[in-house]
Structures are given as C-alpha cells and as structure tokens.
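Chains, contacts and geometry: an overview
The residues making up each chain are set out below.
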Amino acid sequence: MNDVYWRVGFVANVVVAVAYLLIALAIVVPLVRSRQLGSNRLATATAAIFFTCAIHHGGHPLHMLLPAFGAEVQQGLAMRQSYDLSMALWDIVTAAVGVYYWTLRRAYASLTRGAQLFEDVRQREQQALELNDNVLQGLVVAKLALELGERERAEAALEASIAAASTMITKLLVDGQHSAQAGLLRSTPALTEGGKT
Amino acid sequence: MTRVAESATGDRLLRAVIIDDTPDIRDLLTLVLETLGGFTVVETAADGRAGIVAVTTHCPDVVMLDLAMPVMDGLEALPAIRGICPHAAIIVLSGFDATAMTASALRAGADAYLQKGAKPDVIVATVREVLGRRGRS
C-alpha cells in the first residue's frame, strides 16, 4: 500500500510544482514588462513565495525518482517509505487547489491578462493623481483670484473644482462596484473648516 | 514674444517667465508679479519643454516653475533651465506639499520652493528674497 501513497504523492507534487511555477511566472512576466519588479514589492514577494514553493514541491518527486537511477538511493527510498495516507491526501488537495486556480484564471482571463493587470493599476493611479490635481489647481486659482479681488474668476474655479471632485468620487463609487450601503457609509464625518465638522 | 520694459524712472524692469500648465494660474501669477512685484512677465509657457524655449529666448531674471505638467515636468526641466540661465532666480511653485518636494526641487537647481496657495505678498517676498541672495534685487 505504501507504494501507492508515494506514487500518488509523486504525481501530485509534480502537478503542484508546475502550477506554482506558472503562477510565479504569471506574476513576474507582467511586472517585468511594466517595469514594476522593483517598485511593486508585494507582487514580487508573492511571486517569490510561489517560486520557492514550486522548487520545494518539485524536490519531492525528484528525490523519490533518483533511486530508480541508482542515485541517492538511501534518502530516496526513505522518502518513499515515509509516505502515508494523510500525506498523499494533502498532496492531492494541494494539487487540486493549484489546478482550480488555473481554471479560475482562464475564466477571468480579461482581468488577469498579462501586463494589463499591473498596467491598469498604474494608469488608474495616474488618473487619480491628475483628477486630484485638477481639484487642487482649481482651489489654488480660486484662493489667489479672491486675494486679487477677481471674484468671478474665483467662482468659476470653485465651480470647476466642485464638478471635478464630484466626478471623481462618483467614478470611484461606480468603478469600485460598491453596494449603495457600503459605498455611501463613511468611516468618519466629512471635514471642513480646517478639521471642524 | 519678447518685451523689453522699463519702469517710470527708466530702470530696466526685472523680467520673469512663468511656466505652469494651468492658464488661470499663469494669468494670476502675471498679475501678482506685475502689479504687486513690479516685474514684467516676458513670456508664459504651459509645459517644461516650452518653458526651456522661453528661458532660452529671454534668459529672464526670475523663473516661476510648476512641477506637475504635461510633455515635460518641472523637475526634468529644472537642470536645463539652470544650465541655460545660471543667474536666474528659479522659484518652484507647486501643489505638492513643501515637506515632500522641497529637497528634490533644490537639488535639481531651484532657489526656493513655494506651495501653491501662498498669498500674493508671500510670493513676491520670496521672489525678492531670492533675488537679494543672488544680488539682483
């Protein structure tokens, strides 16, 4: 029966190693293409975890295979012997999770397509920065115009800033696909007048 | 367009170039510098590259420079402007918080950093203070 367990473990670990290696590549390749390998440290670390796990799981079948070629016989046979039902089952579950992940990636291909995932994040950050800057510039113009006695220009700038801010928060609400309740419920009251509510 | 201006007493007015992508800010800064500061704004530009051309044409006494702009940003344009016009007073006027950006701006060649929202008299005082440091007031 022990022969069955290690053979199951062998196949499952090969599947896990391939799945994890592909996940690491699926993260690293878009990072390299969008030049974020150094700046997006969370994504790089995630890829590193999957890569090291792939090496770890890939090592198991390699060790179990080597005795067949007369190498590392003692260690290889010991690893085969150590396999029992629970180890084999856990390896099957781990392999199933890896395979399931790749079926999900295929189903959500438009969301996870190569560099687009990370490039979209960068573009959205740039858009958010520019939208916020539009609001800021409008407020700066309004303040300076008021100080120079140009009331009409100040009012026009304030109206433009309010419109820009309104567009921005509405877009955030819609793009975030919040439910009406979750999106409209604030964590703290709105601040005006230098911190007074 | 180049303008050579003199004050009522015949002295040459100190010349300024304003580089900012917001038209209203260019207009209002022109008003501040000409009305309150007694400078003459010889040209305005809407991005860093056009700003370099303007500075090359006029080699002004004062350059008011925004940071976030299309085509070429202010930090990229700054070393070129400093190289073209080594004696100009370059004041960066930006919406970014001064604590975050002052060091970068000064390192790139600016003489002073003003956060947008500063009062007109503070803007003029800062320009005059930098000119004084450079011996050009």
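1. Observations concerning empty space enclosed by the protein
For the structure on display, the rule yields one cavity of 30 Å³ or more. Volume-wise, the largest cavity comes out at about 70 Å³. As for the largest cavity, its lining consists of V140 and L144 of chain A together with I25, L29, L93, Q115, K116, G117, A118 and I123 of chain B. Of all the secondary-structure elements, those providing two or more residues to the lining of the largest cavity are α6 (116-147) of chain A together with α1 (23-36) of chain B. Tallied by class, the residues present in the lining of the largest cavity amount to seven nonpolar, two polar and one charged.

2. As for the packing of aromatic side chains
All names here are of chain A. Applying the stated rule across the entire model yields two aromatic pairs over all chains. Measuring from ring centre to ring centre gives 5.4 Å for Y20 and F50, while their planes differ by 85 degrees; the resulting arrangement is edge-to-face. Here Y20, found in helix α1 (residues 2-33), pairs with F50, found in helix α2 (residues 41-65); they are 30 residues apart in sequence, far enough to count as distant. With relative accessibility at 15%, the residue Y20 sits in the buried group. Judged by centre distance (5.6 Å) and plane angle (85 degrees), the rings of Y101 and W102 are edge-to-face. Among the residues examined, Y101 registers a relative accessible area of 29% and is labelled partly exposed. When the ring centre of W6 is taken as origin, the NZ or CZ atom of R80, which lies over that ring, is 4.2 Å away.

3. Some words on the environment of D121 of chain B
Residue and element names in this part refer to chain B. Residue placement: D121 occurs in helix α5 (residues 120-133). Residue class for D121 comes out exposed when judged on its relative accessible area of 51%. Sequence separation of D121 and L33 is 88 residues, and the distance between their C-alpha atoms is 9.6 Å.

4. Considering unusual backbone geometry
Keep in mind that most residues, glycine aside, have a negative phi and that most peptide bonds are trans. Of note, E72 of chain A is a non-glycine position whose phi angle comes to about 40 degrees, a positive value. Within the secondary structure, E72 of chain A sits in the loop between α2 and α3 (73-82).

5. Quick look at the pairing of strand β1 (residues 15-19) of chain B
Residues and elements named next belong to chain B. Within β1, five of the five residues are buried, which leaves the element mostly enclosed by the surrounding structure. In β1, alternate side chains face the same way, and those of R15, V17 and I19 on one face and A16 and I18 on the other are all buried. Both β1 and strand β3 (residues 62-65) contribute to a ladder of four bridges, which runs parallel. Across the sheet, the residue bridging to A16 is V62, located in β3.

6. A look at helix α4 (residues 98-108) of chain B
Residues and elements named next belong to chain B. Looking at α4, one finds that the buried residues are M101, A105 and A108. One side of α4 carries all its buried residues, which in axial view fall inside an arc of 60 degrees. The outward face of α4, more than 90 degrees from its buried face, is lined by the exposed residues T99 and R107. The inward-facing, buried residues of α4 abut α3 (74-84), β4 (89-94) and β5 (112-115). Positioned one or two residues after α4, G109 has a phi angle of 125 degrees, which is positive.

Quick notes on the rules
- Residues numbered from 1 in each chain as written.
- Chains lettered and ligands numbered in written order.
- Predicted model: local features only at pLDDT ≥ 70, side-chain atom pairs only at ≥ 80, totals over all residues.
- Heavy atoms only, no water.
- 1 Å grid on protein atoms, 1.4 Å probe; cavity = no way out; pocket = protein on both sides within 12 Å on 5 of 7 lines; lining within 4 Å.
- Points joined across faces, edges and corners; volume = space filled by probe spheres on them.
- Helix = DSSP H or I, 4+ residues; strand = E, 2+ residues; numbered from the N terminus.
- Nonpolar A, V, L, I, M, F, W, Y, C, P; charged D, E, K, R; others polar.
- Phe/Tyr/Trp six-rings, centres within 6.5 Å; stacked < 30°, edge-to-face > 60°.
- Buried < 20%, exposed > 50% of the residue type's maximum accessible area, 1.4 Å probe, protein only.
- Lys NZ or Arg CZ within 6 Å of the ring centre and 35° of its normal.
- Pairing = 2+ DSSP bridges.
- Arc of directions from axis to C-beta.
- Contact = heavy atoms within 4.5 Å.

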